[in-house]
Each structure stands twice: as structure tokens, then as C-alpha cells.
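Geometric and topological summary
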Amino acid sequence: MKDVAALAQVSTKTVSNVVTGTVFVRPETVERVEAAMAELHFVPNLNARGLRNGRTGIIAVALPDLGTPYSADLLHHIVEVAHERGFAVQVEETAAEPGREEELLSRARAHLIDGLILNPIRLEDSVVEHADHLPPVVLIGEVEQLIDRVTIDSRAAGNAITRHLIERGARRIAVVGGDDRPDLATATSRLRLAGYRDALAEAGIPHDAALELNPFPWTTASGAAAIDEIDARGAGFDAVVAFTDSLALGVLHALHARGLRVPDDVLVTGFDDIEMAAFVSPSLTTVRLDRRAFAEEALRLLADRMTRRDAPPRAVTVPFEVIVRASTGD
């Protein structure tokens, strides 16, 4: 640090202020210090900083399934925003092993990481439902708990996408991913299904259990298999609302294999607006979630919780929008 200060012609305190970002430093001075740091290959000693402020500079993010396009894109934004805030990120996958949340919680309690961002698919299986004293934690997704969380209104989103299909003339709307069984259904599945049923009721259309199916896991192959199952039930349909784009891609494949045209014979919608949704043929009508906003709000809440442990919990709802494309006749 003394070498950087000498090269930049500033004090070591100024170099420290630039590194920590805790005190305002004039932009031209910051530029000079950063140029000196780059020239000397100076790397701040994060371990020493951690001893002073009690932090490691590391957070952990646990998502259910890192193999999905949605999770990959969300994780990309979380890592990007975390780095902007000066955090390194440890990543974990928890769908097959919910106990991995407990391992991360233990690391946080031991001060090996500063905080957690968790995405439980069922609150009943999550460590936050059973832990007494939580370290800084932010939940993302639709689970409801009296701790900091970032979510979307999945019930409203399920309602909006179903209303779109009804407005396009659909009356026999199959739902792929919908489930309300308390012992099996995820919070996302329950809420989106409730929104779907709300929209049917508002239009005076009775819901038909034969049209509701929740294949697991929510993969493209599962979406295709769901159409096989609905056909086997003998339940005719003129539209499909799938609760992820990955499921919807499987639905499109299965309908094409049967010689059914989308949108002429069947309307199809998805959820998440993954990149492929705009490029599949026909392009997919879907619900878009602002994943950058998800990441920004989650990191903001987590950073605040690290400094204000006794503050009341907060919930932030990130908006959604229906993106209309060719699969519903755009």
C-alpha cells in the first residue's frame, strides 16, 4: 500500500479509502490510485480487512437446479451484482440435497461467509423453517417467511397469462406444472395454479382436474410427457399454459409430433422468458421476470441485513409482464 501511495503521490490513508470505498475520494484521485495499483499488481488483503470489520467478503447463493436456463441467467445476474458490491460468491445446488442449506447456514454462523441468498422450492424442506437464529439471509422465490425476501406475484402472473389465452378464444386450457397438493406442491406451483383457476372463474369457465398436470422435474422432456398424459386422459384442449419455458418447449415438441399446429390448433404459453423463448418456432408467448432486478434487490436486502441485524424483515415484489409472441397468434 505504501508503494501504491508513493507511485500515485497520495497518502496510504487515501489508498485505503479507495480500496474500501468507505470514504469519498475525488474521481481523479481514484483514477490515479487505481492506475498505480494496476501497474504494481496490488491486490488488497481481504483476510486482513475481514479481521478488522468482521467480514469475509464472501456470500453464498443456493439455487434448486443450476441446470435450467432460468437459474443460469439468474445466477449470472447475482454474481454480476455481487461483484459490483465487492462480494465474492459461493454457489450451491440444493434441489436433490436440501440439507446443503444447513451446511451453508453453519458456514455463515461460523463467520466463514457473510450471508446467504436462498431459493427454497418448498418452505417445508428449507432450513429457514426450522432454524432459530439465522445469520443474514434473503429468500428469493415465492415461499413466504418472516425474513427478507424478493419475489414476484406468481398468482397474479398465472392469472394474467391465463386471461391472455381466454382473450384469444381458448376455453379448454391445460396447465402443465400446476399442483395444489400440500405435501408435494411447490409454492410456485400452488400460486400459479391458483392464478390460473382465478382467471377461469372470472371468465365463467369451470376448471377441469383432467387438464391439470404437474410433471417433475420441470424439464423439456417432462413438458412433452405431460402432453402424452393429458392425451391418455382423453381431455381435449385448445391451449396450454406451462409454468416454465422449459416445460413449454417440450409441449411444443409434443404437439408438433402429433401434427398439431401452434397457434392454429393449440395456443401455448410459458413462464420466465428464457433466451430460447424468442427464437423457438413459433416464438413463445411467456411471462417475463426481471432477473437483474431480482439480483439487485436481493443483494441490497442482504447488504442492509449485514449492517442492521435487528431491522424488521422486508419483502420486495419484482414486477412481471406478459410478452406476446407467435405461439398465441401474435
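Above this text you will find the structure in question.
The structure displayed is predicted, hence computed values, not measured ones.

What follows covers the overall build of the chain. A tally of regular secondary structure across the chain gives 11 helices and 12 strands. Once the C-alpha set of the chain is aligned to its principal axes, its extents read approximately 80 × 40 × 30 Å. Taking as baseline every contact in the chain between residues at least 6 positions apart, the subset at least 24 positions apart corresponds to 67%. With the model as given, the accessible surface of the chain reaches about 15900 Å², and the carbon-plus-sulfur share is 51%.

Let's shift gears to helix α11 (residues 291–307). Taking 1.5 Å of rise per residue, the 17 residues of α11 would be expected to cover 24 Å, and the 25 Å separating its terminal C-alpha atoms lies within 8% of that figure. Looking only at α11, the buried set comprises R291, A293, F294, A295, A298, L299, L301, L302, A303, R305 and M306. A distance of 3.2 Å separates the backbone nitrogen of R292 from a side-chain oxygen at the start of α11, and that oxygen is part of D290.

Two numbers describe a pair of aromatic rings. These are the distance of the centres and the angle of the planes. Counted by the stated rule, this structure contains 1 aromatic pair. Relative to F271, the ring of F243 lies with its centre 5.9 Å away and its plane at 85°, an arrangement referred to as edge-to-face. Of the two residues, F243 is situated in the loop between β8 (239–242) and α10 (245–257) and F271 in the loop between β9 (267–269) and β10 (286–289); the sequence distance between them amounts to 28 residues. No difference in accessibility class separates F243 from F271, as the two residues are buried.

Structurally, V79 is set in helix α5 (residues 69–84). Separated by 12 residues in sequence, V79 and V91 place their C-alpha atoms 9.4 Å apart.

It is worth spelling out the nonpolar core at this point. Ranked by internal contacts, the top residues of the largest apolar core, which has 70 residues, are I117, I140, I173, F237 and V268. Counting residues per element, this core draws most heavily on α11, which supplies 8 residues. With near-sequence residues (within four places) excluded, V268 lies in contact with V240, A248, V251, L252, L255, V262, L284, T285, S327 and T328. Counting 13 residues, the second-largest nonpolar core is a separate cluster that includes A62, A108, V137 and A187.

On inspection of all chains with the given rule, the structure shows 23 salt bridges. The partner of R292 in a salt bridge is E80, and the shortest N-O contact between them spans 2.8 Å. Taken together, the residues R292 in helix α11 and E80 in helix α5 connect sequence positions 212 residues apart. Accessibility expressed as a relative area gives 24% for R292, which makes it partly exposed. Put simply, R197 and D180 hold a salt bridge, and the shortest N to O gap is 2.8 Å. With a gap of 17 residues between them, R197 in helix α8 (residues 187–202) and D180 in the loop between β6 (173–176) and α8 connect regions that are remote in the sequence.

Attention now goes to the sheet that holds strand β7 (residues 212–213). Read across the sheet, 4 strands follow the order β7-β6-β8-β9 without closing on themselves; strand pairing throughout is parallel. Here the strands that pair on one side only, and so sit at the sheet edges, are β7 and β9. Judged from the 3 bridges that link them, β8 and β9 form a sheet pairing that is parallel. Within β9, the position partnered with V241 by the bridge is T269. Where α10 meets the sheet, its contacts fall on β6, β8 and β9, and the angle it forms with β9 comes to roughly 160°.

With that out of the way, let us pick up the packing of α5 against α11. It is at 8 Å that the axes of α5 and α11 come closest, and there the two elements cross at 45°. Taken as axis vectors, α5 and α11 run oblique relative to one another. With respect to the hand of their crossing, α5 and α11 are arranged in right-handed fashion. In this structure, α5 contributes Y70, D73, L74, H77, I78, E80, V81, A82 and E84 to the contact, and α11 contributes R291, R292, F294, A295, E296 and L299. In the contact of α5 with α11, the residues fall into 8 nonpolar, 1 polar and 6 charged.

Each strand in a sheet pairs with another by means of backbone hydrogen bonds, the pair being arranged parallel or else antiparallel. A sheet is described by the order of its strands in space; here 6 strands give the open sequence β2-β1-β3-β4-β5-β11, paired in parallel fashion. Each edge of the sheet is formed by a strand with only one pairing partner; in this case those strands are β2 (88–93) and β11 (315–317). Taken over all neighbouring pairs, the strand axes of this sheet differ in orientation by 15° on average, direction set aside. In terms of strand pairing, strand β4 (residues 137–140) meets strand β5 (residues 149–151) through 2 bridges, oriented parallel.

A few words on the side chain of R149. For R149, the location among the structural elements is in strand β5. Take R149: its relative accessible area is 19%, and that puts it in the buried class. If we ignore the near neighbours within four places in the chain, the residues touching R149 are V138, L139, V143, E144, L301, R314, A315 and V316.

In this section: the side chain of E142. Summarising the element assignment, E142 is placed in the loop between β4 and β5. Within polar-contact distance, the side chain of E142 engages the side chain of S154 at 2.5 Å. A polar contact of 2.7 Å, which involves the side chain of E142, links it to the side chain of T188. Discounting residues that sit within four places of it in the chain, E142 has contacts with T151, I152, S154, A187, T188, L191 and R192.

Cut-off values and rules
Residues numbered from 1 in each chain as written. Predicted model: local features only at pLDDT ≥ 70, side-chain atom pairs only at ≥ 80, totals over all residues. Heavy atoms only, no water. Helix = DSSP H or I, 4+ residues; strand = E, 2+ residues; numbered from the N terminus. Contact = heavy atoms within 4.5 Å. Areas by Shrake-Rupley, 256 points an atom, 1.4 Å probe, with all protein chains shown as cover. Expected span 1.5 Å × (residues − 1). Buried < 20%, exposed > 50% of the residue type's maximum accessible area, 1.4 Å probe, protein only. Polar contact = N/O pair within 3.5 Å; in protein donor to acceptor, adjacent residues only side chain to side chain. Phe/Tyr/Trp six-rings, centres within 6.5 Å; stacked < 30°, edge-to-face > 60°. Core = buried A, V, L, I, M, F, W, Y, C linked by side-chain atoms within 4.5 Å. Salt bridge = Lys/Arg side-chain N within 4 Å of Asp/Glu carboxyl O. Pairing = 2+ DSSP bridges. Axes fitted to C-alpha atoms, helices over the stretch in contact; angles between N-to-C directions. Parallel < 35°, antiparallel > 145°, perpendicular 65-115°, else oblique. Left-handed = near helix turned anticlockwise from the far one by under 90°. Nonpolar A, V, L, I, M, F, W, Y, C, P; charged D, E, K, R; others polar.

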